[in-house]
Amino acid sequence: MKIHEYQAKDILKDYGVAVPAGVAADNVEQAVEAAKKMKENGTSLFVVKAQIHAGGRGKGRTKNSDAKGVILCKSIDEVRDAAESLLGDTLVTIQTGEEGQKVKKIYVTDGVDIEQEFYLGILLDRAKSKNVIMVSTEGGVEIEKVAEETPEKIIKEWIEPGMGLQHNQARHLAFALGLEGDAFKKAVKFIMALYNCYVETDASLVEINPLVLTPGGDVYALDAKMTFDDNALFRHKDIQELRDESEENPVELEASKHGLNYIKLDGNVGCMVNGAGLAMATMDIIKLSGGEPANFLDVGGSANVETVKNGFQIILEDQNVKAILINIFGGIVRCDRVANGIIEAVKDPEIAEKVENVPIIVRLQGTNAKEAKEIIDNSDLNVISAVLLKEAAEQVSKVLAA
Ligand code: ADP
Ligand code: MG
């Protein structure tokens, strides 16, 4: 689950990570009020930032007012103008795609005098089964670009799970950023606190880009991106409440409500599979036979009528889908039951209408696979059965070519 920058900064603050002061606002008046209060506390430079679940805001532009997603303001009037131009408009950044993301909230924050911008990220290195902390002197730019062009500029420390982040590792990272004296000490403290926050909140990613050094030797998180492990959310009710469903892909959201794991892709072959590994193999085989998967969909272990129906509804939301490949392994479920489930689902009037011109290829393997094939073959529906995955994929290319 992703959250907004202002939410991430609130959490970071609780863990003792240095962030500039700021207030989130839903409307212009709130933003102006926040700026006035900040001014009373000594702020003379404000930054108004669009709150959307996508980065690249600084270089992004809104559709109507052509405003940047991060606006520097020298006065309360400029804060008002910035709020007016951002709120309600759609911000397009390199990460949102052409359609952009509507701005419903902004963050009014202290403008920080920047001496240097760094990158700092924490995530799980799955290959090493360890958390990794990465820093780079190339802050403010996309880290993917740094990784590709100048990988030597990314310094990493892997954390032993049983030991946690060691002080000397944090020192090594701060040293790699070229920091000295007070700034060095502050950066070490910052990294220790950030790692603690990452672990305690069950985050799967914390990215501070940029982490900045001020001329006075202070270190701040100017931007913050946090993603949490969905499987651990049950033990963080407070974080769960930060979910902003309007920022999520509506179909993926609908799928998650039915306990289905769906990710939309750009191809035209819809897939319905039980098990994530089999789903990936199915996508590979579709590609190998010349097709492009329209989605990833794992319906879980028990493929019953209800899950199959929901799966169809979700796949068919996507207008690009020209064929559907169902690949179910009957281990926990019997294939004949799944076959009957598929037939019942396809007969459902709502689904029947949508699949009229969408051939369905079904490959059922495992317990009672033979009976299942007979059930499919004997039905008078637009459903084609296959035994081998290869055959299923060939059927897909055949129906796409037809
Ligand atoms: P994004 O990554 O979405 O573009 P950032 O929060 O990283 O958004 O902001 C982009 C750039 O704007 C930063 O690299 C920094 O140079 C500047 N910036 C952001 N927040 C502040 C701030 N509080 N004070 C001064 N400059 C800022
Ligand atoms: Mg950033």
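Since this is a predicted model, take the numbers as computed values, not measurements.

So, the UniProt feature "binding site: ATP" (unreviewed entry) in the protein chain
- UniProt records the feature "binding site: ATP" (unreviewed entry) for Lys49, Gly56, Arg57, Gly58, Val112 and Glu117 in the present numbering.
- Looking at the element boundaries, Arg57 is found in the loop between strand S2 (46-50) and strand S3 (61-62).
- With relative accessibility at 7%, the residue Arg57 sits in the buried group.
- Each residue touching Arg57, except ones within four places of it in the same chain, is listed here: Glu5, Lys49, Ala50, Gln51, Ile52, Lys68, Gly69, Val70, Leu91, Thr93 and Asp223.
- On the basis of relative accessibility, which here comes to 29%, the residue Glu117 falls in the partly exposed class.

Some remarks on the site of ligand 1
- Residues in contact with ligand 1 amount to 17 residues; listed here are only the nearest, Lys49, Arg57, Gly58, Asp110 and Glu117.
- Within the backbone of Val112, an N or O atom sits 2.9 Å from a nitrogen atom of ligand 1.
- When isolated, ligand 1 has an accessible area of 540 Å², and the protein chains bury 83% of it.
- Within the residue set of the shell around ligand 1, elements represented by two or more residues are S2, strand S7 (106-110) and strand S11 (203-213).

So, the sheet that holds strand S6 (residues 101-102)
- Sheet architecture is open: three strands sit in the order S3-S5-S6, paired in antiparallel fashion. Because the sheet does not close on itself, it has two edges, and the strands there are S3 and S6.
- Where S3 and strand S5 (residues 90-92) come together, two bridges link them in antiparallel fashion. Its bridge partner lying in S5, Thr62 is registered against Leu91.

Some remarks on the coordination of the magnesium ion (ligand 2)
- Donor atoms from the polypeptide that bind the magnesium ion (ligand 2) are Asn209 (O) and Asp223 (OD), placed at 2.2 Å. On the criterion of sequence distance, the pair formed by Asn209 in strand S11 and Asp223 in the loop between strand S12 (219-221) and strand S13 (225-228) is long-range, its members being 14 residues apart.

Considering the sheet that holds S2
- One open sheet accounts for four strands, arranged S1-S7-S2-S4; its pairing is antiparallel. Whereas interior strands pair on both sides, the edge strands pair on one side only; in this sheet they are strand S1 (22-25) and strand S4 (70-73). With direction set aside, neighbouring strand axes in the sheet form an average angle of 20°.
- The strands touched by helix H2 (residues 28-40) are S1, S2 and S7; relative to S7, the strand with the most contacts, the crossing angle is about 10°.
- Against the sheet, helix H3 (residues 76-86) makes contact with S2, S4 and S7, and its axis sits at roughly 5° relative to S2, the strand it touches most.

Points about the packing of aromatic side chains
- In this structure the tally under the stated criterion is two aromatic pairs.
- Judged by centre distance (6.4 Å) and plane angle (35°), the ring pair of Tyr6 and Tyr107 falls under tilted. Here Tyr6 is found in helix H1 (residues 5-14), whereas its partner Tyr107 is found in strand S7, with 101 residues between them in sequence. Accessibility assignment for this pair places Tyr6 and Tyr107 in one class, buried.
- Between Tyr195 and Tyr198 the ring centres are 6.0 Å apart and the planes differ by 25°, which places this aromatic pair in the stacked class. Linking Tyr195 with Tyr198, this pair stays in helix H6 (residues 181-200), spanning three residues, or about one helical turn. By the burial criterion, Tyr195 is buried, and Tyr198 matches it.
- One cation-aromatic arrangement involves Lys128 over Trp158; the distance from NZ or CZ to the ring centre is 4.2 Å.

A short note on the packing of H2 against H3
- At a minimum axis separation of 9 Å, H2 and H3 run at an interaxial angle of 150°. Our classification of the angle between H2 and H3 gives roughly antiparallel. Crossing angle aside, the handedness with which H2 passes H3 is right-handed. Within the contact between the two elements, H2 uses Val28, Ala31, Val32, Ala35, Lys36 and Lys39 and H3 uses Ile76, Val79, Arg80, Ala83 and Glu84.
- For the contact of H2 with H3, the class distribution of residues is seven nonpolar, no polar and four charged.

Brief notes about the pattern of salt bridges
- Enumeration over the complete set of coordinates arrives at 22 salt bridges.
- Linking Asp218 and Lys186 is a salt bridge whose minimum nitrogen-to-oxygen distance equals 2.7 Å. Here Asp218, found in the loop between S11 and S12, pairs with Lys186, found in helix H6; they are 32 residues apart in sequence, far enough to count as distant.
- By relative accessible area, which is 26% here, Asp218 ends up partly exposed.
- Connected via shared salt-bridge partners are Glu5, Lys9, Lys49, Arg57 and Asp223.

Here we look at unusual backbone geometry
- A cis amide bond links Asn209 with the next residue in sequence, Pro210, at an omega value of 15°.
- Here Pro210 shows up in strand S11.
- Backbone geometry at Asp202 places phi at a positive 55°, although glycine is not the residue there.
- A residue is classified by how much of its surface remains accessible, and Asp202, at 17% relative accessible area, is buried.
- The phi angle at Asn368 is positive, at roughly 60°, despite the residue not being glycine.
- Relative to the helices and strands, Asn368 is located in the loop between strand S18 (360-366) and helix H13 (369-378).
- By relative accessible area, Asn368 is classed as partly exposed at 27%.

Criteria and thresholds
- Residues numbered from 1 in each chain as written.
- Chains lettered and ligands numbered in written order.
- Predicted model: local features only at pLDDT ≥ 70, side-chain atom pairs only at ≥ 80, totals over all residues.
- Heavy atoms only, no water.
- UniProt positions renumbered as here; feature names shortened; annotations may be inferred.
- Helix = DSSP H or I, 4+ residues; strand = E, 2+ residues; numbered from the N terminus.
- Buried < 20%, exposed > 50% of the residue type's maximum accessible area, 1.4 Å probe, protein only.
- Contact = heavy atoms within 4.5 Å.
- Near = heavy atom within 4 Å.
- Polar contact = N/O pair within 3.5 Å; in protein donor to acceptor, adjacent residues only side chain to side chain.
- Areas by Shrake-Rupley, 256 points an atom, 1.4 Å probe, with all protein chains shown as cover.
- Pairing = 2+ DSSP bridges.
- Donors = N, O, S within 2.8 Å, 3.2 Å for Na, K, Ca; no water.
- Axes fitted to C-alpha atoms, helices over the stretch in contact; angles between N-to-C directions.
- Phe/Tyr/Trp six-rings, centres within 6.5 Å; stacked < 30°, edge-to-face > 60°.
- Lys NZ or Arg CZ within 6 Å of the ring centre and 35° of its normal.
- Parallel < 35°, antiparallel > 145°, perpendicular 65-115°, else oblique.
- Left-handed = near helix turned anticlockwise from the far one by under 90°.
- Nonpolar A, V, L, I, M, F, W, Y, C, P; charged D, E, K, R; others polar.
- Salt bridge = Lys/Arg side-chain N within 4 Å of Asp/Glu carboxyl O.

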